Amino acid sequence: MHRKQTGRRRRHFSEKVPWEKILYRKQPYPDNYSGDDEQFLCELRKNLSAVKYTYWEAVFGVARLVFHLNLIVLLNIVFEYVFTDKLDVGVLATALILSSLFLYVIYAYVMSEINVDFLDHFYTVIVLILFGYATTPAIRTLTDTISTDTIFALSYITALISCVFHDYGINAPIVSYQLSVSSGLSSAVFLLSRLSSNDMAFVMLSMAFALHAFTPFFRTFKGIFFSRVML
C-alpha cells in the first residue's frame, strides 16, 4: 500500500516537474528517461556532416574529374598516332613547345601573384631538357623484355591509379598528388618502351610530364576563376 502511494506521488510529481537534460540534479524520472516522444524527435539531429552543394559547385567538381580523364585520354590518343607512324616527331614537338609557351605566358602575366623570375625558370627548363634527353634511352629500353600486352595492361592500371588518387579539390585521406603524378608518369613510361625512336620517346615523355605535373595548376585557377564568375 505504501509503495502504491509512493508511486502515485512520483507520477503526480513528475507531471508537474518538467524533465531537464542535466545530471547534477536529482529528478523524479528513471535514469534512462530521455523525454517524451515529441521532445526526443525535436532534439534528433540527422546528417550533421552532410555538405550541400549548389548546382555550379557540382558542375565544377565534376569538371575536375573530366579534365583529368581527358588528359589521360589525350596522352593515349597521341601515343596511338605516334605508335602507328601517323604523327611526325617534329609536328608533335612544335605543338608541345608552342602550347607550353602560350600557357607559360598566361601563368606569368595572369595567374602569378608575384614577379616571375624568367631567368631561373629558363635554367630549370634547360636542366630538365638535358636530364630528360640523357635518360630517355635508358627509360625507353627499361621494359623491352616485357610483352606488349603486359605493357598496355600496366599502363592502364597505373593510369587508373592516377585517377583514383588525384586531387580533385576534395579534402580526403585518399588524395595524394605525388602518387597521382608518379602513377601518371609511370603509365607514360610503360608506353615509351614500345617506341622505336629516342627523339619521339623524349617528346612523349616531355608531354606526359607537362600534362601531369603542370596542368593541375591551370585547372585549379580555371575552377577558381569560373566559380567566382558564376557564383
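Everything numeric here is computed off the predicted structure, so don't read it as measured data.

1. Describing a nonpolar patch on the surface
Where nonpolar side chains cluster on the molecular surface, the patch consists of L119, F122, Y123, V125, I126, I129 and L130 and spans about 680 Å² of accessible area. Among the secondary structure elements, I129 is positioned in helix 5 (residues 118–140). Overall, the relative accessible area of 40% leaves I129 in the partly exposed class.

2. Section: the UniProt feature "transmembrane region" (unreviewed entry) in the chain
UniProt records the feature "transmembrane region" (unreviewed entry) at residues 55–79, 91–110, 122–139 and 201–221, using the numbering of this structure. The distance from the first to the last C-alpha atom of residues 55–79 is 36 Å, and the span holds 100% helix and 0% strand. Annotated as 100% helix and 0% strand, the span residues 91–110 places its first and last C-alpha atoms 28 Å apart.

3. Considerations on the packing of aromatic side chains
Applying the stated criterion across every chain yields a total of six aromatic pairs. Between Y104 and F118, the aromatic rings sit 6.0 Å apart at their centres with planes inclined by 75°, giving edge-to-face as the arrangement. Of this pair, Y104 sits in helix 4 (residues 89–111) while F118 sits in helix 5, and the two are 14 residues apart along the sequence. Judged by relative accessible area, which is 27%, Y104 ranks as partly exposed. Ring geometry for Y133 and F202: centres 5.3 Å apart, planes at 85°, overall edge-to-face. One end of the pair, Y133, is in helix 5; the other, F202, is in helix 8 (residues 198–213), with 69 residues separating them in the sequence. You can call Y133 partly exposed: its relative accessible area is 46%. Aromatic ring contacts, followed pair by pair, group F79, F83 and F152 into a single cluster.

Here is what the cut-offs are and how they apply
- Residues numbered from 1 in each chain as written.
- Predicted model: local features only at pLDDT ≥ 70, side-chain atom pairs only at ≥ 80, totals over all residues.
- Heavy atoms only, no water.
- Patch = residues over 30% accessible without salt bridge, like charges linked within 9 Å, V, L, I, M, F, W, Y side chains within 5 Å.
- Areas by Shrake-Rupley, 256 points an atom, 1.4 Å probe, with all protein chains shown as cover.
- Salt bridge = Lys/Arg side-chain N within 4 Å of Asp/Glu carboxyl O.
- Helix = DSSP H or I, 4+ residues; strand = E, 2+ residues; numbered from the N terminus.
- Buried < 20%, exposed > 50% of the residue type's maximum accessible area, 1.4 Å probe, protein only.
- UniProt positions renumbered as here; feature names shortened; annotations may be inferred.
- Phe/Tyr/Trp six-rings, centres within 6.5 Å; stacked < 30°, edge-to-face > 60°.

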